[in-house]
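# Structural overview
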Amino acid sequence: MQNTEILLIKEKSKKRFCIKRLVGKGKPYIFIGPLSLLLFTFYVIPIFLSIYFSFTDYNIIKKPEFIGVSNYSDLLLDKTFKASLRNTFLFTLGVVPAQTIFSLVMASWLVSRGKSRLTEFVKGAMFIPVISSMVLVSIVWRILLNGEGSPLNLILNVLNITQPNWLGDSSIVLFVLMGITVWKNTGYFMILYIAGLMEIPKNYTEAAKVDGAGRWNVFYYITLPLLKPTTIMVVFLGMVWSLQTFDLIYTLTGGGPGNSSMTLVLHIYNNAFKNLNAGYAMTVANILLLFSSIAAIVQKSFLKKEKSEVY
Amino acid sequence: MKKILALILSVILLTAVTSTETMAFWGKKEKKEKLVVWLPPIGENDKVVWEPIMKEYEEANNVEVELEIIPWENYSEKYAAGIASGQGPDIGYMYAEMFPQFIEMGAVEDLTPYLTKEDYDKYIYIKHGEMMGGMYGLGIEAANPAVIYYNKDILASIGEDVPVTWEDFIRCSVKATQDIDKDGKKDQWGFSQGWGAPYFGDLNWNWYGFLWQAGGDIFNDDLKTVKFNDKAGVKTAEFLKDLKFKYDVLPPYYMAQTNKEMLQTTFGPGKSLFSIYLSSAAGEILDKSFPDLNYGIILSLEEEGKGTFASVDQLVLMSGAKDKQLAFGLIEHMLSTESMTKFHKHHPRAPIAKGEPYQGDPRLQKMIETEEGVYRPLVVGPHGVEIYEYLWKQLQMMMAGEKTAKESLDEAAEYSNRLLAK
């Protein structure tokens, strides 16, 4: 009798142990479950839906009608798509290096100056555009740039400099938009660089200085390599933001004059909500997704490599 | 056991709190039916003007009316998003370019079964609601044509009369384009016309009127192809392009500003002889902001004929409306002689319904009443938004000097015909 009881107790504790082990193993999944569900619902499913709708004639309200690869073949005839693709790449190529270099220079200068009224003011002033609404920013820039009576043109007039047609000249409008974007984003990336610079142990730079390294050498051989992970993040974040640029251009130029400032996201928006051609809009969106994915994969591989090199 | 009990109790409590009956119990007010109305801003403080009119209908029909003023900037997009998400209005306001898409997707109700014989006699612009095989709207905003404004003082200073033909217009514009302060730079312009609008709305004054004056049109009669790249279209485009590149009578920032901005920054301050925009801008912009400006109005120039754009925007009954009869009743109430008389007292416009007194701009009354055939709305053709948007971009390229008139129009026509053939 006693033996049987002992056996039963042993069996019970074994079972409990098994459940505990199972619960223990499943615990991480319980924690990540809700977030995974959200990610799956709002990120993964829309991607598959977008791929599905790109093979249909779909106008948001009516039932989608399967049309094969017709939307993709239409891309080849779509001159606006070609212009938007070209502009998006030009925009990215212009904005990313400029904002990266500018934010790095500003961050290095601020860190080297230490804490003072001036640096605090500069930091604040640089960060104001980041927290300002893009629509508001666009309206302000439109007032600043538009027409003979605009403040910027009045200054140029006083200096007797020919006033460019900032938003109306198709050869310069994209560069103007790049400039505004760099001005808007630099503050954010500057903060990232400041954080990166603060993380660099001082003894590295001090040791280099003891060895006779000048300011430039310290920056080039010590600071810059140690900032690689931050730079990779700044570059790829900037790249994805540039590929997705929309609100500034939508408010300021609408992609014009002509298609000179048309971007992929604006073209997607116009097709989906103005032309009510959501199937085609998703086709263009898939092309954008492809580019963004390539950027993300490259970034990930760079980060992996950097981690093993730096740390 | 305790845990299971707690779980069951929680579920019961949650169900009890969120059940519809309970919700109804807590908010046990008498549930009124609600009608949602979306309108664009027709004038200033529209909501304040509409509120007493809506209140009359609310009290008479025990219904709640929710009015939302949607800004013009992304007007049609808001409709698309609203309808797609089931959050659209019961009563909407649409302009010609919007109709084809929304009719094709079945979002707008055909009003034919709701209309009586008296209605056809009552509403002045009712024939403009007939489109695509049905009656899809009742005019609410009409007879506000695009007009050419001219500065009387500048015209007198160059010794010219009010222009009648394109030739007169060019001659006056060239004479008026001058360096007044003699600093070596031109500071007075012939025609302050803006080509910088981000979207196609400025075609209304920059293109349609001139095209009609040249004898052209947008669509062929069967609405299956476009005709704006024919001889008349090319003549119109060349006339517009020449104003910049041959006669140089447009201000240098013509590609950056809209026509409304041009009116405010250039014509209003007396820096140009001509400008072109809606006739309502006379009272709403020029008289208010530039009271000393001595200006006159030309309804249309004459080339092969006369013509200018005047929209007939409509109130529409949305297919998603739960109680369509009730919603249509509100449309009729809003457009009634009494309601429109009240509305136009605040926003002066020509009458919409018979029996309404003329409360519009007195300077325009004679023009509107005697030259009815001159101003007209667009023909509602398929793929309107896409076609007009593409055409606008092409004309912008032409005005920027990147393309010839023929190249721009041919490309827009090729795109349009491809769409129409689908």
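Residues numbered from 1 in each chain as written. Chains lettered and ligands numbered in written order. Predicted model: local features only at pLDDT ≥ 70, side-chain atom pairs only at ≥ 80, totals over all residues. Heavy atoms only, no water.

## Some points on the overall build of chain A
What chain A contains, in helices and strands, is 13 helices and two strands. Against the 2.2 N^0.38 benchmark of 19 Å for 311 residues, chain A shows a C-alpha radius of gyration of 27 Å, more extended than a compact globule. Projecting the C-alpha coordinates of chain A onto the three principal axes gives extents of approximately 110 × 70 × 30 Å. Evaluated residue by residue, chain A yields a buried proportion of 40% over its 311 residues. Once local pairs closer than 6 in sequence are excluded, the contacts in chain A between residues at least 24 apart make up 66%. Summing over all exposed atoms, chain A offers an accessible surface of approximately 18400 Å²; the carbon and sulfur share of this is 70%. Measuring between centres, the 29 positive side-chain charges of chain A sit 10 Å from its 15 negative side-chain charges. (Helix = DSSP H or I, 4+ residues; strand = E, 2+ residues; numbered from the N terminus. Rg over C-alpha atoms; globule rule 2.2 N^0.38 Å. Buried < 20%, exposed > 50% of the residue type's maximum accessible area, 1.4 Å probe, protein only. Contact = heavy atoms within 4.5 Å. Areas by Shrake-Rupley, 256 points an atom, 1.4 Å probe, with all protein chains shown as cover. Lys, Arg positive; Asp, Glu negative; His and termini not counted. Charge placed at Lys NZ, Arg CZ, Asp CG, Glu CD.)

## Section: the packing of helix 14 (residues 324–335) of chain B against helix 15 (residues 337–346) of chain B
Residue and element names in this part refer to chain B. For the pair helix 14 and helix 15, interaxial distance at closest approach is 5 Å and the crossing angle is 55 degrees. It follows from the interaxial angle that helix 14 and helix 15 lie oblique. Only Thr-337, Ser-339 and Met-340 of helix 15 make contact with helix 14, whose side of the interface consists of His-333, Met-334 and Leu-335. Residues belonging to the contact of helix 14 with helix 15 are distributed by class as follows: three nonpolar, three polar and no charged. (Axes fitted to C-alpha atoms, helices over the stretch in contact; angles between N-to-C directions. Parallel < 35°, antiparallel > 145°, perpendicular 65-115°, else oblique. Nonpolar A, V, L, I, M, F, W, Y, C, P; charged D, E, K, R; others polar.)

## As for the pattern of salt bridges
All names here are of chain B. Considering all chains together, one arrives at 24 salt bridges over all chains under this definition. In this structure, the salt-bridge partner of Lys-235 is Glu-303, at a minimum N-O distance of 3.1 Å. Remark: Glu-303 occurs in the loop between strand 10 (295–298) and strand 11 (308–309) and Lys-235 occurs in helix 11 (residues 231–245); sequence separation between them is 68 residues. Since its relative accessible area comes to 29%, Glu-303 is described here as partly exposed. Here Lys-306 makes a salt bridge to Glu-371, at a shortest N to O gap of 3.3 Å. Of this pair, Lys-306 sits in the loop between strand 10 and strand 11 while Glu-371 sits in the loop between helix 16 (362–370) and strand 13 (375–376), and the two are 65 residues apart along the sequence. (Salt bridge = Lys/Arg side-chain N within 4 Å of Asp/Glu carboxyl O.)

## Observations regarding the sheet that holds strand 8 (residues 189–192) of chain B
All names here are of chain B. Spatially, four strands are ordered 8-9-7-10 in an open sheet, and the strand pairing comes out mixed. In this open sheet, the two strands that pair with only one neighbour each are strand 8 and strand 10. Taking the axes of each pair of neighbouring strands and ignoring which way they run, one obtains an average angle of 20 degrees across the sheet. In this sheet, strand 9 (residues 272–278) lies alongside strand 7 (residues 146–151) in antiparallel orientation, the contact comprising five bridges. Bridge pairing in strand 9 links Ala-146 to Leu-278. (Pairing = 2+ DSSP bridges.)

## Describing helix 11 of chain B
The first and last C-alpha atoms of helix 11 of chain B sit 20 Å apart over 15 residues, in line with the 21 Å expected at 1.5 Å per residue. Buried residues along helix 11 of chain B sit in contact with helix 8 (166–176), strand 8, helix 9 (203–206), helix 10 (208–213), helix 17 (384–399) and helix 18 (405–421) of chain B. (Expected span 1.5 Å × (residues − 1).)

## Considering the confidence of the model for chain B
In this model, chain B carries a mean pLDDT of 89, and residues with pLDDT of at least 70 account for 93%. Our summary of model confidence lists the complex with pTM equal to 0.83 and ipTM equal to 0.78. (pLDDT = per-residue confidence, 0-100.)

## Here we look at the environment of Gly-255 of chain A
The residue Gly-255 of chain A is located in the loop between helix 11 (247–252) and helix 12 (264–274) in this model. We classify Gly-255 of chain A as buried; its relative accessible area is 0%. Here the alpha-carbon distance between Gly-255 of chain A and His-267 of chain A, two residues 12 residues apart in the chain, equals 8.4 Å. In this view, Gly-255 of chain A contacts Ile-249, Ser-260, Ser-261, Met-262 and Leu-266 of chain A together with Lys-393 of chain B; residues no more than four positions away in its chain are not counted.

## Topic: the domain arrangement of chain A
It is common to give the size of an interface as the accessible area lost on bringing the parts into contact. Residues and elements named next belong to chain A. Along its sequence, chain A is organised into domain 1 (2–53) and domain 2 (73–306). Taken over C-alpha atoms, the centre of domain 1 sits 44 Å from the centre of domain 2. With five residues of domain 1 at the contact, the number on the domain 2 side is four residues. A combined buried area of about 370 Å² lies between domain 1 and domain 2, and 63% of that area is made up of carbon and sulfur atoms. It is Ile-47, Ser-50 and Phe-53 that lose the most area in domain 1 upon contact with domain 2, and together they represent 87% of the buried surface on that side. Summed over the shared surface of domain 1 and domain 2, the number is one residue pair in polar contact (both at pLDDT 80 or more). A per-class count over the side of domain 1 that touches domain 2 returns four nonpolar, one polar and no charged. (Domains from an automatic or database assignment. Buried area = accessible area lost by both parts, 1.4 Å probe. Polar contact = N/O pair within 3.5 Å; in protein donor to acceptor, adjacent residues only side chain to side chain.)

## Brief notes about the packing of aromatic side chains
Any pair of aromatic rings gets described here by the distance separating the centres and the angle formed by the planes. Tallied over the entire structure, the rule returns 41 aromatic pairs over all chains. Here the aromatic rings of Tyr-250 of chain A and Tyr-199 of chain B are separated by 5.7 Å at their centres, their planes lie at 45 degrees, and the arrangement is tilted. A residue pair is termed interchain when its members come from two chains, as with Tyr-250 of chain A in helix 11 and Tyr-199 of chain B in the loop between strand 8 and helix 9. Accessibility classification places Tyr-250 of chain A together with Tyr-199 of chain B in one group, the buried group. An angle of 85 degrees between the planes, with centres 4.9 Å apart, marks the rings of Phe-169 of chain B and Phe-191 of chain B as edge-to-face. Highlighted residues: Phe-169 of chain B in helix 8 and Phe-191 of chain B in strand 8, separated in sequence by 22 residues. Both residues of the pair, Phe-169 of chain B and Phe-191 of chain B, belong to the buried class. Clustering of aromatic rings is evident, with ring pairs tying together Trp-38, Trp-72, Tyr-75, Tyr-79, Tyr-93, Tyr-95 and Phe-102 of chain B. Taking the ring centre of Phe-245 of chain B as reference, the NZ or CZ of Lys-241 of chain B above it sits at 5.6 Å. (Phe/Tyr/Trp six-rings, centres within 6.5 Å; stacked < 30°, edge-to-face > 60°. Lys NZ or Arg CZ within 6 Å of the ring centre and 35° of its normal.)

## Here's the deal with a nonpolar patch on the surface
Together, Leu-35, Leu-38, Leu-39, Phe-42 and Tyr-43 of chain A make up a nonpolar patch on the protein surface, roughly 570 Å² of accessible area in all. Tracing the backbone through its elements, the reader meets Leu-38 of chain A in helix 1 (residues 2–53). (Patch = residues over 30% accessible without salt bridge, like charges linked within 9 Å, V, L, I, M, F, W, Y side chains within 5 Å.)

## Focus: the interface of chain A and chain B
Contact with chain A, which involves 34 residues of that partner, is made by 35 residues of chain B. Between chain A and chain B the total buried area reaches about 2900 Å² when both faces are included, carbon and sulfur atoms providing 48% of it. Applying the counting rule to chain A against chain B returns three salt bridges. In this structure, the connection of chain A to chain B is made through 11 residue pairs in polar contact (both at pLDDT 80 or more). Listed by contribution, the elements that provide at least two residues to the side of chain A that touches chain B are helix 2 (70–77), helix 3 (79–113) and helix 12 of chain A.

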